[in-house]
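A closer look at the structure
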Amino acid sequence: MDKNMLAGLEGLPEQDKARMTSMIDHLQLRDSLRMYNSLVERCFNDCVDNFTRKNLQKQEETCVMRCAEKFLKHSMRVGMRFAELNSQAPTQE
């Protein structure tokens, strides 16, 4: 968990801190699972079109690898851009 998130919890009692930390962890896990599911669904729908074999064909496997790589690079880029914009935003005090 990000230290900046924990900084906003400093004035809370320990029980509330623990509850908020647990909630934040749960939300982060949920978001990670959503991203993973989105990746799997998108790459499967775009790349797999032959169900006559148990294993992926070579071109399907290559397509899935490229799709996953592009998806992850895009997600990292969006995350970095969001962090840049967030650091430039005026802080509320």
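Criteria and thresholds
- Residues numbered from 1 in each chain as written.
- Predicted model: local features only at pLDDT ≥ 70, side-chain atom pairs only at ≥ 80, totals over all residues.
- Heavy atoms only, no water.
- Helix = DSSP H or I, 4+ residues; strand = E, 2+ residues; numbered from the N terminus.
- Areas by Shrake-Rupley, 256 points an atom, 1.4 Å probe, with all protein chains shown as cover.
- Buried < 20%, exposed > 50% of the residue type's maximum accessible area, 1.4 Å probe, protein only.
- Salt bridge = Lys/Arg side-chain N within 4 Å of Asp/Glu carboxyl O.
- Disulfide = S-S within 2.5 Å.
- Core = buried A, V, L, I, M, F, W, Y, C linked by side-chain atoms within 4.5 Å.
- Contact = heavy atoms within 4.5 Å.
- Expected span 1.5 Å × (residues − 1).
- pLDDT = per-residue confidence, 0-100.

**What to know about the overall build of the protein**
- What the protein contains, in helices and strands, is three helices and zero strands.
- Secondary structure elements in the protein, listed N-terminal to C-terminal, are α-α-α.
- Roughly 8,400 Å² of accessible area belongs to the protein as shown, and the carbon and sulfur atoms make up 55% of that amount.

**Side note on the environment of Asp46**
- With respect to the secondary-structure elements, Asp46 resides in helix H2 (residues 14-47).
- Assessed through its relative accessible area of 53%, Asp46 is described here as exposed.
- C-alpha of Asp46 to C-alpha of Val64: the two residues are 18 residues apart in sequence and 8.2 Å apart in space.

**Re the pattern of salt bridges**
- Taken as a whole, this structure holds six salt bridges when the rule is applied.
- Linking Lys17 and Glu14 is a salt bridge whose minimum nitrogen-to-oxygen distance equals 3.4 Å. Note that Lys17 and Glu14 are positioned in helix H2 at a spacing of three residues, about one turn of the helix.

**Thoughts on the state of the cysteines**
- Tallying each qualifying case throughout the model produces two disulfides.
- A sulfur-sulfur distance of 2.0 Å marks the disulfide that ties Cys47 to Cys63. Looking along the S-S bond of the Cys47-Cys63 disulfide, the torsion reads about -65°, which is the left-handed sense. In this pair, Cys47 sits in helix H2 while Cys63 sits in helix H3 (residues 58-88), placing the two residues 16 residues apart along the sequence.
- Given the relative accessible area of 28%, Cys63 is considered partly exposed.
- Disulfide connectivity for the protein, with bonded cysteines indexed by sequence position, reads 1-4, 2-3.

**Some remarks on the nonpolar core**
- One finds Leu39, Cys43, Cys47, Cys67, Ala68 and Phe71 forming the largest nonpolar core, which totals six residues.
- Looking at this core, the elements with two or more residues in it are H2 and H3.
- Here Leu39 is in contact with Cys67, Ala68 and Phe71, once residues within four sequence places are set aside.

**Regarding H3**
- Taking 1.5 Å of rise per residue, the 31 residues of H3 would be expected to cover 45 Å, and the 45 Å separating its terminal C-alpha atoms lies within 8% of that figure.
- Inspection of H3 places Glu60, Cys67, Ala68 and Phe71 among the buried residues, and these make up the whole buried set.
- Check the buried side of H3 and you find it contacts H2.

**As for the confidence of the model for the protein**
- Residues with a pLDDT of 70 or more make up 87% of the protein, whose mean pLDDT is 86.
- Across the protein, H3 holds the top mean pLDDT of 92, while helix H1 (residues 3-7) sits lowest at 59.

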